[in-house]
Amino acid sequence: MPLARSLSMTSLNGLPQWEDEDLPVEDLLLFEVSWEVTNKVGGIYTVIQTKAKITADEWGENYFLIGPYFEHNVKTQVEACEPPNPAVKKAMDTIKGQGCQLSCQFDDKPNIIAHFHEWQAGVGLILSRSQKLAVATIFTTHATLLGRYLCAASIDFYNNLDQFDIDKEAGERQIYHRYCMERASVHCAHVFTTVSQITAIEAEHMLKRNPDVVTPNGLNIKKFSAMHEFQNLHSMYKARIQEFVRGHFYGHLDFSLEKTLFFFIAGRYEFSNKGADMFLEALSRLNFLLRVHKSDVTVVVFFIMPAKTNNFNVETLKGQAVRKQLWDTAQSVKEKFGKKLYNALLKGEIPDLNKILDRDDITIMKRAIFSTQRHCLPPVTTHNMIDDGNDPILNTIRRIGLFNNRTDRVKVILHPEFLSSTSPLLPLDYEEFVRGCHLGVFPSYYEPWGYTPAECTVMGIPSVTTNLSGFGCFMQEHVADPAAYGIYIVDRRFRSPDESCNQLTQILYGFCQQSRRQRIIQRNRTERLSDLLDWRYLGRYYMHARHLALSRTFPDKFEMEPSAPPKTEGFRYPRPSSVPPSPSVSQHSSPHHSEGEDEDEDERYDEDEEAERDRQNIKSPFSLGVLPQGKKKQHGEYRN
């Protein structure tokens, strides 16, 4: 069982509590099976790891996680122990004798729930049903196998869901055996769930079964006692990113870091599915707008998408070495200057500034300045790519001409490796890096949920998502005006790619026009949405799925309306009544107004008052997927 990170959770202020009938967990066993238990491959690892704490709180020692045995993962994430139950111990010994490695806790209980994630784990579900084992089964698909392949092929997927010949498409992509396993798992399960409404629609067409329950993904939320604490973290880690930028752009650092914004995109290297293609095109248009309007804002964009590399780029390493050398030189001169100034003041004299620096000091500084001379442009990638000529991001950069020229207001840095605090280039963990950025941009075409914008939200960082991501649809349903809370949603469902790209460009340009004060206000609002993503709120959907599976498997012991929807109550944040977060709707037509104007403009903003109003503005209860009374259905909204 993985060691789940335990965080202090004091959220859910005003959110409705779960009122469903509690299960007698002392008489049940819950097994959760996935290839990503203690094995990080994608977002499912985050789902299981973050959900483990609230599930263990509910089930205690009757909750078990089953995943692949990898020695390096076991050493860091698993605490080995002997099973206390003799029958389970015997079963484990038998499995070990067949060459399998196990490291779990067990306890012998009569009724079992087995929850399987994705097709890799589906074999166990299919076998348990074919052998007629008395096990209540749940199958969760986080993304359909065929859907991911079709979207990667740049097919108009969502507008042609009912047109695909499923067997033919799976066979042509040589995934028919995996697709059959996935579909069999879906139809064998007592309860079928998926992570979002948009994926429910996809599953209905791709897997030919409508999900019984939609189970949105959550996170363990850490709330700070002081509202400004997460803002302080943003400032601290932003300064660390600025240090990296100073080194990377040495010799070309002719822009103000105080007026520089940091955007980023992160995730698996799926160029089209993750929206990197549209993001790059929008950056090209943003660069044109900023140059035409002679904006003094510079945007540095990071692509954190792992790819095959040889090693660090020599020019990038040199940049960090030059930065460090300049810092050491400045510190040395400052120390000598300080001693001379100190001695002069002790004598009651005002030092002669023309003599306080001697010839050696000036020579040292001239050498330092000479070392910053650069005869090439700052690199667009931090590593040497193995297949540079066929890399889609680099090829698009070449096509749109974003080469980090002096005249470019948008600078691009591809970091084709996961972030680490031990890196010699950018020594930050992913969470620290996200906190230091200003905006996360994830214009995905295929994103069943979307943990990256969700992680931005709980850290108080605004983000861009789409109405084709589960997260975007979830926020549209729970927040009256997502943009006011720093959740910008691009329409990729009902607009053409060019129209969607223009919309994304306008969002990015509008963000660049915001004043520092407006960004601070928006971050406060974004962080308040973290309550919606807390597992203590979203875990109820998994509880409902387990209850439903038991009622279908053991109807004599567990009663429940088979068609009853989850008795969850919706929470809807209203549009903030105070100052708008974006200059596009503010009192000023020009983005270049003074600090004094900013203060006047935001005079009526009161963070505590607005936060309290959000906590109290809980509208009448409604189930997810059902529209609250009085709300008209908007174009592009779905129901399960």
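These remarks concern the structure in this document. (Residues numbered from 1 in each chain as written. Predicted model: local features only at pLDDT ≥ 70, side-chain atom pairs only at ≥ 80, totals over all residues. Heavy atoms only, no water.)

### Here's the deal with the environment of His 252
Next, step 1: Secondary-structure assignment places His 252 in the loop between helix H9 (229-248) and strand S7 (260-266).
Next, step 2: Excluding anything up to four places from it in sequence, His 252 contacts Arg 374, Cys 376, Leu 377, Pro 378 and Arg 406.
Next, step 3: There is a polar contact of 3.3 Å between the side chain of His 252 and the backbone oxygen of Cys 376. (Helix = DSSP H or I, 4+ residues; strand = E, 2+ residues; numbered from the N terminus. Contact = heavy atoms within 4.5 Å. Polar contact = N/O pair within 3.5 Å; in protein donor to acceptor, adjacent residues only side chain to side chain.)

### Some words on the side chain of Asp 491
Next, step 1: Structurally, Asp 491 is set in the loop between strand S14 (487-490) and helix H17 (497-513).
Next, step 2: Engagement of the side chain of Asp 491 in a polar contact is seen with the side chain of Asn 467, the distance being 2.7 Å.
Next, step 3: Excluding its chain neighbours within four sequence positions, the residues that come into contact with Asp 491 are Asn 467, Ser 500 and Gln 503.

### Side note on the nonpolar core
One broad trend across soluble globular proteins is that nonpolar side chains are buried collectively.
Next, step 1: Of all hydrophobic cores here, the largest spans 93 residues; its most connected members are Phe 263, Phe 302 and Phe 303.
Next, step 2: Ranked by the residues each element gives to this core, the list is headed by helix H10 (residues 276-292), at 9 residues.
Next, step 3: Once residues within four sequence positions are removed from consideration, Phe 263 is found in contact with Leu 286, Val 299, Val 300, Val 301, Phe 302, Leu 439, Val 441, Leu 508, Phe 511 and Cys 512.
Next, step 4: Of all hydrophobic cores here, the second largest spans 33 residues; its members include Leu 150, Ala 170, Phe 192 and Ile 201. (Core = buried A, V, L, I, M, F, W, Y, C linked by side-chain atoms within 4.5 Å. Buried < 20%, exposed > 50% of the residue type's maximum accessible area, 1.4 Å probe, protein only.)

### Quick look at the side chain of His 115
Next, step 1: Mapped onto the secondary structure, His 115 falls in strand S3 (residues 111-117).
Next, step 2: Classification of His 115 by relative accessible area gives buried; the value is 2%.
Next, step 3: When near neighbours in sequence (up to four residues on either side) are disregarded, His 115 contacts Phe 31, Glu 32, Val 33, Ile 138, Thr 140 and Tyr 542.

### Details of helix H12 (residues 359-371)
Next, step 1: The terminal C-alpha atoms of H12 lie 18 Å apart, and with 13 residues this matches the ideal 18 Å at 1.5 Å per residue to within 8%.
Next, step 2: At the N-terminal end of H12, a side-chain oxygen is found 3.2 Å from the backbone nitrogen of Asp 360, two or three residues along, and the residue is Asp 358. (Expected span 1.5 Å × (residues − 1).)

### Observations regarding the pairing of strand S4 (residues 135-141)
Next, step 1: Across the 7 residues of S4, 7 count as buried, placing the element largely inside the fold.
Next, step 2: Covered by surrounding structure in S4 are Val 135, Thr 137, Phe 139 and Thr 141 together with Ala 136, Ile 138 and Thr 140, the residues of both alternating faces.
Next, step 3: Sheet topology note: the S3/S4 ladder contains 6 bridges and is parallel. Paired with Ala 114 across the strands is Thr 137, a residue of S4.
Next, step 4: The parallel pair S3 and S4 is bridged by helix H4 (residues 118-130), and the resulting crossover is right-handed.
Next, step 5: Alignment of S4 against strand S5 (residues 191-194), held across 4 bridges, turns out to be parallel. Looking at the pairing, Ile 138 lines up with Val 191 of S5. (Pairing = 2+ DSSP bridges. Right-handed = clockwise from strand over helix to strand, strands pointing away.)

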